[in-house]
Amino acid sequence: MTAHMRTSAEPAARASGARTSGGFGVVLRGIRKQFGTSVAVDDLDLDVRPGEFLTLLGPSGCGKTTTLNMIAGFLTPNQGQILLDGQDVSRQPPDRRDTAMVFQQYALFPHLTVGQNVGYGLRMRKRRPAEIRVLVADALERVGLVGREGHRPGQLSGGQQQRVALARAIVVRPKVLLFDEPLSNLDLKLREQLRLEIKHLQRELGITSIFVTHDQTEALVMSDRIAVMREGRIEQLGSPDEIYHDPANSFVAGFVGQSNLITGTCTGSGPEAGECTVRLPGAHMLPARLVGTARPESGAPVQILLRPEALRLATTSTDPTVPAGLTIDGQVTEVINEGSVATVVVRVTDALRLRVAVPDPGGRGLPSPGDAASVVIPPGVARALPN
Ligand SMILES: Nc1ncnc2c1ncn2[C@@H]1O[C@H](COP(=O)(O)OP(=O)(O)OP(=O)(O)O)[C@@H](O)[C@H]1O
Ligand SMILES: [Mg+2]
């Protein structure tokens with residue numbers, strides 16, 4: 001049945017000019033948007049590659065939705081240009097841009113059936129009914145909703161409604177798919193599942209996608225690249241790996257993933273090129289790799305990033321399973337066991353508390369608050385961030 005539907009739908013999709021690979025680029029140049037005197041998006045430059053899955057990630061109010069709405073044409077920038085496939089669309093209305101948006105609240109027509117909702121954009125484009133039927137069936141199959149054509153949105157679960165919205169967006173094969181927190185209303189299990197499904201669908205269709213979320217895990221799991229936003233600007237643009245392991249500054253480090261952010265003092269260059277040596281609170285000396293524009297002078301304060309999972313907990317200084325590195329003694333103040341991983345907080349001094357992630361804690365015998373413990377910082381894991 002599945003194979004039959006695909007083969008019957010694809011020639012029609014090809015005949016209608018749908019692209020199954022390639023995709024279109026989106027370029028934002030010096031985009032600014034003000035509401036009254038408040039600046040929502042500030043001189044923003046962004047180059048989204050053809051076929052890419054790019055996520056705008058940032059806290060509430062940082063300008064994600066505003067940026068997306070300007071790309072879709074729902075808002076006009078006060079300054080700057082938006083190029084879609086090389087064409088300046090900055091002053092074009094939404095229906096001339098060939099983008100499709102998936103919203104957090106689904107935004108389906110309640111009085112129309114699933115099939116009519118999905119086919120809506122095709123009817124607006126004056127496609128023939130027979131062609132619409134084939135394309136709608138193909139889209140519904142791709143989102144796992146075969147057999148639901150005749151239902152109304154109100155008869156579906158939230159996850160199913162979002163699948164309808166997704167089918168409605170892809171069925172017109174837009175140049176760009178825009179997603180504004182589409183998974184935020186769903187429970188965690190469903191969210192995790194739909195993340196992967198959307199990602200697979202996007203790969204399969206090759207449609208350039210811009211995805212907005214404030215959920216860092218979602219961004220890390222789904223994206224080719226992530227733009228981390230703060231107060232209307234992009235703080236860092238990079239692959240999930242770059243954003244996580246080499247955050248450009250302490251804002252990005254604090255926003256993405258768990259982190260120990262410690263203020264130390266730079267005492268000079270480190271043993272390796274591109275490192276500085278940092279005195280931590282409590283006087284331990286630690287070499288740290290300089291990230292981005294970080295060039296601290298000797299005697300200056302410097303922010304150090306240590307990811308909890310890069311640290312090791314040693315209950316005895318001769319524990320053979322613990323790697324070499326700087327060992328710092330302290331006392332356990334907190335143990336947070338989440339099942340597959342536990343976080344142990346070790347107080348060294350009031351100014352130095354280290355969170356250590358302990359994987360698979362079940363079999364390991366976690367320490368208890370009050371126990372003495374040592375934290376080992378293996379070589380090469382510390383990052384010195386720009387202030
Ligand atoms: N129509 C509007 N009128 C006035 N101010 C607005 C309007 N839309 C957005 N803003 C302001 O612009 C800033 C950016 O808002 P935006 O909705 O883009 O943020 P966001 O990153 O999408 O946040 P969230 O994660 O909460 O959805 C905020 O300070 C917001 O209050
Ligand atoms: Mg928003």
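Remember, predicted model here, so these are calculated numbers, not experimental data.

**Student:** How should the overall build of the chain be read in this particular structure?
**Tutor:** Looking only at helices and strands, the chain has 9 helices and 20 strands in total. Expressed as a percentage of the 387 residues in the chain, the buried residues total 50%. Looking at the chain alone, contacts between residues at least 24 apart form 67% of all its contacts between residues at least 6 apart. When the accessible surface of the chain is split by element, carbon and sulfur atoms take 49% of a total near 17,800 Å². Seen as two clouds, the 42 positive and the 39 negative side-chain charges of the chain have centres 8 Å apart.

**Student:** Just checking my understanding: could you explain the side chain of Arg307 for this structure?
**Tutor:** Topologically, Arg307 is positioned in the loop between strand 14 (301-306) and strand 15 (312-314). No salt bridge forms around the buried Arg307; measuring N to O, its nearest opposite-charge neighbour Glu309 is 5.1 Å away. Looking at Arg307, its side chain comes within polar contact range of the main-chain oxygen of Tyr244, at 2.8 Å. Only 3.3 Å separates the side chain of Arg307 from the backbone oxygen of Ala253, close enough to count as a polar contact. When neighbours within four sequence positions are excluded, Arg307 is seen to be in contact with Ile243, Tyr244, Pro247, Ala253, Val256, Gly257, Gln258, Ser259 and Asn260.

**Student:** Is there a simple way to explain the sheet that holds strand 14 in this structure?
**Tutor:** Backbone-to-backbone hydrogen bonds pair the strands of a sheet. The strands run either parallel or antiparallel. Taken together, the 5 strands give a closed barrel; going around it, the order is 11-12-13-20-14, and neighbouring strands pair in mixed fashion. Direction aside, the axes of adjacent strands within the sheet are offset by 55 degrees on average. The pairing of strand 12 (residues 275-279) with strand 13 (residues 285-290) spans 5 bridges and is antiparallel. Across the sheet, the residue bridging to Cys276 is Ala288, located in strand 13.

**Student:** Mind showing me how you'd approach the environment of Thr208 here?
**Tutor:** Looking at the element boundaries, Thr208 is found in strand 8 (residues 208-213). Overall, Thr208 belongs to the buried group, its relative accessible area being 0%. Excluding residues that lie within four positions of it along the chain, Thr208 makes contacts with Gly23, Phe24, Val26, Val48, Arg49, Pro50, Gly51, Glu52, Lys175, Val176 and Leu177. A polar atom in the side chain of Thr208 sits 2.8 Å from the backbone nitrogen of Gly51.

**Student:** Help me understand unusual backbone geometry, please; the structure alone is not making it clear to me.
**Tutor:** Trans peptide bonds make up most of the peptide bonds, and negative phi angles are found at most residues other than glycine. Unusually for a residue other than glycine, Glu181 sits at a positive phi of about 50 degrees. Along the polypeptide, Glu181 turns up in the loop between strand 7 (176-180) and helix 6 (188-205).

**Student:** In this structure, what is going on with the pattern of salt bridges? I would like to understand it.
**Tutor:** Pairing is possible between side chains of opposite charge, provided their charged atoms come close. Evaluated as defined, the whole model comprises 17 salt bridges. Between Asp138 and Arg142 there is a salt bridge; the shortest N-O distance is 3.1 Å. Taken together, the positions of Asp138 and Arg142, both in helix 4 (residues 129-142) and 4 residues apart, correspond to about one turn of that helix. Since its relative accessible area comes to 2%, Asp138 is described here as buried. Note that Arg353 and Asp350 form a salt bridge whose closest N and O atoms lie 3.2 Å from each other.

**Student:** Can you walk me through the sheet that holds strand 15 in this structure?
**Tutor:** Sheet architecture is open: 5 strands sit in the order 15-19-16-17-18, paired in antiparallel fashion. In this open sheet, the two edge strands, each paired with only one partner strand, are strand 15 and strand 18 (352-359). Geometrically, the sheet is characterised by an average inter-axis angle of 45 degrees between neighbouring strands, direction not taken into account.

**Student:** Before we go on, may I ask you to explain helix 6 in this structure?
**Tutor:** An α-helical turn contains 3.6 residues, so any two residues separated by three or four positions project in the same direction. Along its 18 residues, helix 6 runs 26 Å from first to last C-alpha, staying within 8% of the 26 Å computed at 1.5 Å per residue. The set of residues buried in helix 6 consists of Arg191, Leu194, Arg195, Ile198, Lys199, Leu201, Gln202 and Leu205. End-on, the buried residues of helix 6 take up no more than an arc of 165 degrees, which puts them together on one face. Away from its buried face, by an angle of more than 90 degrees, helix 6 presents the exposed residues Lys189 and Arg203. Elements that come into contact with the buried residues of helix 6 comprise strand 3 (53-57), helix 4, helix 5 (158-170), strand 7, strand 8 and helix 7 (216-222). Within two residues after helix 6, Gly206 carries a phi angle of roughly 70 degrees, on the positive side.

**Student:** Could you clarify how one ought to interpret the packing of helix 3 (residues 114-124) against helix 5 in this entry?
**Tutor:** When two helices pack together, their arrangement is given by the angle between their axes and by how far apart the axes lie. Interaxial distance between helix 3 and helix 5 falls to 7 Å at its minimum, and their mutual angle equals 30 degrees. Considering the angle they form, helix 3 stands roughly parallel to helix 5. For the pair helix 3 and helix 5, the crossing hand works out as right-handed. Residues Val114, Asn117 and Val118 of helix 3 lie in contact with helix 5, whose contacting residues are Val164, Ala167 and Arg168. Of the residues contributing to the contact of helix 3 with helix 5, the split by class is 4 nonpolar, 1 polar and 1 charged.

**Student:** In this structure, what is going on with the packing of aromatic side chains? I would like to understand it.
**Tutor:** When we look at a pair of aromatic rings, we describe it by the centre distance and by the angle of the planes. Enumeration according to the criterion identifies 5 aromatic pairs in this entry. On the numbers, 6.4 Å between centres and 20 degrees between planes, the contact of Phe53 with Phe179 is stacked. Remark: Phe179 occurs in strand 7 and Phe53 occurs in strand 3; sequence separation between them is 126 residues. One exposure class covers both Phe53 and Phe179, and it is buried. Aromatic pair Phe179 and Phe211: ring centres 5.4 Å apart, planes at 40 degrees, arrangement tilted. In this pair, Phe179 is assigned in strand 7 and Phe211 in strand 8, connecting sequence segments 32 residues apart.

**Student:** Teacher, can you tell me more about the site of ligand 1 here?
**Tutor:** Lining the immediate surroundings of ligand 1 are Phe35, Ala40, Pro59, Ser60, Gly61, Cys62, Gly63, Lys64, Thr65, Thr66 and Glu181. Take Ser60: an N or O atom from its side chain is 2.6 Å from an oxygen atom of ligand 1. One nitrogen or oxygen atom from the side chain of Thr66 is found 2.6 Å from an oxygen atom belonging to ligand 1. When ligand 1 is considered free in solution it has 640 Å² of accessible area, and contact with the protein chains removes 56% of it. Among the elements that line the shell around ligand 1, the one with the most residues is helix 2 (residues 64-72), at 3 residues. Class assignment of the residues belonging to the shell around ligand 1 gives a composition of 4 nonpolar, 5 polar and 2 charged.

The rules behind these values
- Residues numbered from 1 in each chain as written.
- Chains lettered and ligands numbered in written order.
- Predicted model: local features only at pLDDT ≥ 70, side-chain atom pairs only at ≥ 80, totals over all residues.
- Heavy atoms only, no water.
- Helix = DSSP H or I, 4+ residues; strand = E, 2+ residues; numbered from the N terminus.
- Buried < 20%, exposed > 50% of the residue type's maximum accessible area, 1.4 Å probe, protein only.
- Contact = heavy atoms within 4.5 Å.
- Areas by Shrake-Rupley, 256 points an atom, 1.4 Å probe, with all protein chains shown as cover.
- Lys, Arg positive; Asp, Glu negative; His and termini not counted.
- Charge placed at Lys NZ, Arg CZ, Asp CG, Glu CD.
- Salt bridge = Lys/Arg side-chain N within 4 Å of Asp/Glu carboxyl O.
- Polar contact = N/O pair within 3.5 Å; in protein donor to acceptor, adjacent residues only side chain to side chain.
- Pairing = 2+ DSSP bridges.
- Axes fitted to C-alpha atoms, helices over the stretch in contact; angles between N-to-C directions.
- Expected span 1.5 Å × (residues − 1).
- Arc of directions from axis to C-beta.
- Parallel < 35°, antiparallel > 145°, perpendicular 65-115°, else oblique.
- Left-handed = near helix turned anticlockwise from the far one by under 90°.
- Nonpolar A, V, L, I, M, F, W, Y, C, P; charged D, E, K, R; others polar.
- Phe/Tyr/Trp six-rings, centres within 6.5 Å; stacked < 30°, edge-to-face > 60°.
- Near = heavy atom within 4 Å.

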